[in-house]
Structures are given as C-alpha cells and as structure tokens.
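# Overview (structure and organization)
The chain contents come next:
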Amino acid sequence: MNPNRKDLLGIQDLSKEEIGEILTTAESMEEILKRPIKKAPTLRGITIANLFFEPSTRTLNSFALAEKRLSADSINLSASSSSVLKGETLLDTAKNIEAMEVDIIVIRHSTPGAPHFLANRLDASVVNAGDGCHEHPTQALLDLMTIKKKFSKIKDLEVAIIGDIKHSRVARSLILGLNKMGAKVTVCGPPTLIPQWMDPFESKVEYNFEEVLKGKNILYLLRIQKERQKESFLPSIREYIKSYCLTYEKLKKFASPDVVIMHPGPINRGVEIESRVADSEYSLILNQVITGVAIRMSILYLLSKRKIDGFND
Amino acid sequence: MDLTIKQPHLFDPANGVDEIGDLHIKDGRVVTNSSASSEKEIDARGLYLLPGLVDIHSHFREPGMEDAETLETGSMAALKGGYTAVAVMPNTNPPIDNEGVAKFIKEKSEEIGLCRVFPIGTITKGRKGKELSEMIHLYEAGCVGFSDDGNCVEDSSVMRNALEYSQLFDVPIIDHPEDTTLSRNGQMNEGVVSTELGFKGIPDVSESSMVARDILLSRFTKGRLHLAHISTEDSVHYLKDWKTDRITAEVTPHHLLLTEDEVKTFDTNTKMKPPLRKKSDLEVLQKALKEGIIDAVATDHAPHPDYMKEQEYTIAPFGVIGLETAFSVLYTNLVISGKLSLAQLVKSMSFQPARILNLPFGEVRDGGIADFTLIDLDGEWKVDPSNFASKSKNSSFIGWELKGIVTYTIVNGNLTFREGEFLKS
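Residues numbered from 1 in each chain as written. Chains lettered and ligands numbered in written order. Predicted model: local features only at pLDDT ≥ 70, side-chain atom pairs only at ≥ 80, totals over all residues. Heavy atoms only, no water.

### Let's talk about the interface of chain A and chain B
With 21 residues of chain A at the contact, the number on the chain B side is 14 residues. The junction of chain A with chain B conceals about 1600 Å² of combined surface from both sides, 61% of it contributed by carbon and sulfur atoms. Linking chain A to chain B there are one salt bridge. Residues E310 of chain B and R121 of chain A are paired through a salt bridge, measuring 2.8 Å at the closest nitrogen-oxygen approach. Put simply, chain A and chain B have six residue pairs in polar contact (both at pLDDT 80 or more) between them. When contributions to the side of chain A that touches chain B are tallied by element, the ones reaching two or more residues are helix 3 (90-99) and helix 4 (114-119) of chain A. (Contact = heavy atoms within 4.5 Å. Buried area = accessible area lost by both parts, 1.4 Å probe. Salt bridge = Lys/Arg side-chain N within 4 Å of Asp/Glu carboxyl O. Polar contact = N/O pair within 3.5 Å; in protein donor to acceptor, adjacent residues only side chain to side chain. Helix = DSSP H or I, 4+ residues; strand = E, 2+ residues; numbered from the N terminus.)

### Focus: the domain arrangement of chain A
Residues and elements named next belong to chain A. In terms of domains, chain A is made up of domain 1 (11-136 + 289-312) and domain 2 (137-288). Once you take the C-alpha centre of each, domain 1 and domain 2 turn out to be 26 Å apart. Every contact between the two is made by 33 residues of domain 1 and, on the other side, 30 residues of domain 2. Where domain 1 abuts domain 2, roughly 2600 Å² becomes buried across the two surfaces, and 62% of that area is made up of carbon and sulfur atoms. Our count for the contact surface shared by domain 1 and domain 2 stands at three salt bridges. Across the salt bridge formed by E30 and K149, the nearest N and O atoms sit 2.6 Å from each other. Those elements giving two or more residues to the side of domain 1 that touches domain 2 turn out to be helix 1 (16-34), helix 2 (58-69), strand 3 (104-109), strand 4 (125-131) and helix 12 (285-312). Counting residues per element, the side of domain 1 that touches domain 2 draws most heavily on helix 12, which supplies eight residues. Residue composition of the side of domain 1 that touches domain 2, by class: 14 nonpolar, nine polar and 10 charged. (Domains from an automatic or database assignment. Nonpolar A, V, L, I, M, F, W, Y, C, P; charged D, E, K, R; others polar.)

### Thoughts on the sheet that holds strand 5 (residues 158-162) of chain A
All names here are of chain A. Strand order in the open sheet formed by five strands is 7-6-5-8-9, and the pairing between neighbours is parallel. Because the sheet does not close on itself, it has two edges, and the strands there are strand 7 (204-206) and strand 9 (260-262). Adjacent strand axes in the sheet meet at a mean angle of 25 degrees when their direction is disregarded. Direction of pairing for strand 8 (residues 218-221) relative to strand 9: parallel, over a ladder of three bridges. By the bridge assignment for strand 9, Y220 is matched with M262. Where helix 5 (residues 137-151) meets the sheet, it contacts strand 8 and strand 9, and its direction lies at approximately 165 degrees from that of strand 9. Strands strand 5, strand 6 (184-188) and strand 8 of the sheet are contacted by helix 6 (residues 169-181), whose axis makes an angle of about 170 degrees with strand 5. (Pairing = 2+ DSSP bridges. Axes fitted to C-alpha atoms, helices over the stretch in contact; angles between N-to-C directions.)

Written as structure tokens, this is what we have:
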C-alpha cells in the first residue's frame, strides 16, 4: 500500500495495486484465524476507536474481532451512548477521542463524506466503515477477496448486482472495485432503484430479472429495505418479490449451473432471496463473513505499519 | 462643493459614460461645471469610478441570528465589496412580516450609517405560504419587494394572489423557485456527482418547473415577478421564451463560476440552494447574463458561523457569503477572460438590480445620487477568510486569486470606505 497512506476512505482512491496488496495480506491474516490460538501480537500498543453513528452488527463485530485478533486495544462508541446526543459536534467528538492518543478511528456515519471530513482534520488514521449511500470499502474488499478465493481471479468475471442500487453504498464500492480489477458488471432492479446517471460506475443496466440471471458467474443480491415502499420507490414489497426475488426455481431455470450467490447481509429471507437459495451450495454468504474479519485485520495492519515500523527502528 | 474626485475613469454603462474626468459632489448629488473648490478631494488617478453596486439578495441575519451577521458587519462586507445599497431578505427571526421589524432594520442601518439597507418583506405571514402578509403596512415601512426567500410559495393560489395584490405598489414578488416535493432532503445537484457521492439530489426540474409556473402566473395576473437565483438551463429557456416586461431574474456569482464537481471535496462551502449545477448549466447562465435574459447579479450573501458549517455535509446549513468577492470573482473570471464586457457586468450589478426594486441608483450623471465605488481594476488580491469584514467566513472562493480591489466606497456623497477602513457618516 502507498506508504504515505493515512486513511482508507473509499475504493475510489485505491489503486489496483493497493487493492491487490490488501487482498494478499488478508490471506495471511486468514491463516491466523484458522490457528487453534487465534491471536497475533501485531498491533500490540495500537489503540483503535470504533465510532458507529448508525446501527451495525456485522461490520462493528467484524472490526472488533479483527482488532482483538491482532492484539490492538479498542473502544466502541455508538451514537446512543456518545455525547452526540448531548449536542456535541462530530468533529469535537472525534477530537476528544484523538486526544486520548487513539491511532485509528473506524467510523460509520449516515452522511456521505463524514469519514473524509474527519480524515482531513485529524492526525489519526480514519477507516470508513460505511458513509451514507457513498462507500463501504471494507465490504467491497471482502467481497473481492471472496470472489478471488472462489475463482482464483477477478478479471473478466461476469457479475450481476441486483436490488436497490440507488441507495447502496455496498453497490457503489463493489462496482468501483470490480471495475478496477477488470470484472464485467451488470446492475439490475426496478428503474426507481437504479440511478439515472451511472457514468461513474462502469456497468450495463438490465431491468429484467430473468435476463440478468443468464450467463453470470456471480449474482450479488442487495437487501431491500421496507422504507422504500413508503418513499414510493416501490408499490409494494410483494411486487418486488414477484419480479426480483431469487427463487430456487428461477436460479435453476435461468442461471449458469456453476453460478455463485453473494449478499452483504443481513438477508431478508423471502424478499430478495429465497431461503432455499441462501442455504444452498451456491451461496458464499457465510464465506463473506469470515473473509470480512481477515480483510479488516489486513487494513488495520497496513495502516498501522508506518507507526509500527517506525517504533521498531 | 463637499467632495471632488480627481481624474477617475468615469464608467456608467447605463448612460454611456466611459471617460476620464473630475466628479464633484454636493449634498449627496453629482454636480457638474462647478468652479468652486471642494472641502475634500480624492486623487483617483488610475481608478475606475462605477455606480455603487446594488445587491438585491442578501441575508444580514439581524434580528435573530447575530452570531452569523449583523446589520453592521453585513454593511461593512457590502462596502468592502463595492456595494452601496443592499436589499435584505426577510428570513430573520422574527421574519420581516410586520412593519415593526421592517422599521427596525431601516432605522438601525441608518444609525449605523455605512451602507443603504432596504428590507424585503415576506409574501406570507411567517413565511409559511398560507396567508398574505400585510403588504401595505410593509411597503409603507420601507419594504422594496416581497419574498418568502428560502421558502417557495408552493400554493399556486397564494402566489397568484400575491402577484395581484402587490400591483398596488408595483414592487416585485421575489420567488425562490423550488418544488420541495422534488427536492426534499436533497443536498446537492442531482446528477453524475450526487450518484458518485451517494447524496440525495436536488433535481434541476425542482427549480425549472416552479420557474415555469411562476412565469405563467405572472403572465396571467400581469403581476411583477422577480425570480431569485436561477441556476438551470431549463429555467433560462423558459425565461427566454416567455419573459415579459413584468418579469426579471437574477443569478449568483457562484452559479456563474462553480459546478457540482466542487462538492467532491465535501467542503460545506459548496452547499447552497439552489445547488451548484452542471458545467452546461453554468455556460447557459453566463450566456443568458450576457444576452440580458437574466437581468441582474445577486450575491445571495448567506452568512453562517464556522461551528455550523464545520459539520457533516448533510447537517451543515445551505448558503455561502458573497458580498466581498462578487465583483472581483466575476471581473476576473468573466470580464478579463472576455466572456462578458465590463459594461455588462457593471450594469447587471448596479443599474439593473436598482431598477428591479424601483431604486434611483446605478448611474453616474448630473444631479444623480452620489453612490459610487472606486476600483483599482489591476489590483491583485487573494481571498483569505481572515480578512473578511463579514462576521462569517463561509465563502466558496477561499484561496482564489483575483483582480479588482475596491479602494473607496461613497454613499450619499460620504466616503464610508477608504482603503480597508470604514468611516461612519
């Protein structure tokens, strides 16, 4: 990784080489996770604050576990327990945390650019754990690693991303990552959930679900949120299920026999994915979860490297 | 004589004045052919003397939000930018929806004695868009126009009635054209960049559709309509095709010079309403100003304190300041580059906005009101927030290198700004 890199804010500003290095490093981290004693002293003395202003189970726990596995000291701050409720600004909250000699701040926030805002104003490293509908780079990296492990390559794979593309930070980061690594992307969903301007994201648009299933190596399903109905993006969830739920029957009928299914979780069984598909041999959904810990270990290690190397000298 | 300005380049596009000569002022008016000597003289060789600039769209935040700006700091910012008259929007707290607040603003600014400040009254009580304000009371208290600025009058019947009732005095109804059912929760222009950044967008149609409606209502009622801060290509098209002599429009310096690409920095000084649009919109706006489809440049000077702007993009308030940079950013980037003539720029910043509000300013002529700006067009400066006279520093042009330094500002024949110093009359 670029030795001067302080922060990991998005896939947008990562080079192909940096992505490659993160994935390779994550592979050796995964070995640690398979040992009987799953801990390494790599980040001993490094302090990490997990600052989560949006509810999260998977990502927060994944980061927390990655930090523990590498022996970092970490604290968790959620919006419900922080001073944000008392009217403190984000910058003041972050500066207070930094004042306690924290080395890395992992932040999830509902505003696009909130991690970038902090990164420009703090000496601590900032890792984006999801900023609004903008980016979710660690998710994209773990997805790329899952794909690479399965196919031994990423280049030239045909990937369909299906669901609410418009409101998905996962889709944005993943498309950028797949573009950089040379895969071919098609997005699919009802027109209200696909942005009118896809220019920044190299992809084909296909509204027809049955068509999009054909000839793909990977079907990546996104979670459909119930609120989309209230905001009139969808007439009903029932109608979404009718047209876009991946059923075992449709999978068998239209998709390639060697296709794999991915999903960032949490899944809505019976909405975007039928239970039988989620639990089938096609599914890589649980592989994504374990890979997630390894990817986060890799990122935290690479960002701390400057400091650790400097200390050892 | 009270004051003689020696040998400036007199420049008044409205009267075709473009020559070097002395200018004499007595009792706040221009006097020609005087042989009497003056008490005071300004050596203005090498400076341009322009009609004092007139801003028809500013926010001075007083009463109610004095930590952002006051009538005094706003007036200072105006003078420093070459403005001698400013119309202030009524989204104060309380709003200018009664004659008490209007009178407070007029009287307090007169007491401050720096620049002329004119209140704009609300169209509806509390800017709520439901019941018309007491426009006769507001007019008599000195309001020069009516606007619910920041809030579009979305109820078309209310807008129709406002356009009819205001014909009692022939002052403009100034609408902020925005269909909020389309722009709700939007943070920036909807398009390529909002898609990339994951922001909810403010589509251009949320403005253009209201511009079309407002124009149609003005044509229907014959009411005087002024459209605030036009920002889209379609708005310009509707104006071009359907404008009447009862309709005028303004554009801001930031919409003439900046695009949505600026938002990629997540700098909240790129957040304003209407939002920065695409490059093609910007080009259409520049051309429309040149061709007179858009009548005036207005700053939409919208001060916000640092602690409010130094926040997450979605939480930070909309708006940027503009009085101190407006002339120089446009002179440097449109006039020097040849996209607009100096005459067109000066007219759109003085004579034209004055006429929209029926104010007798914007000219350099015998017997005319002595409101002037003396500018060193070759003077170079860099926009540095620590030098702003405004109480707030939220400018979109921080760090820009500009040409055109306001050296003196004269209001009603009195020198109120001299080389960085404010002089109360």
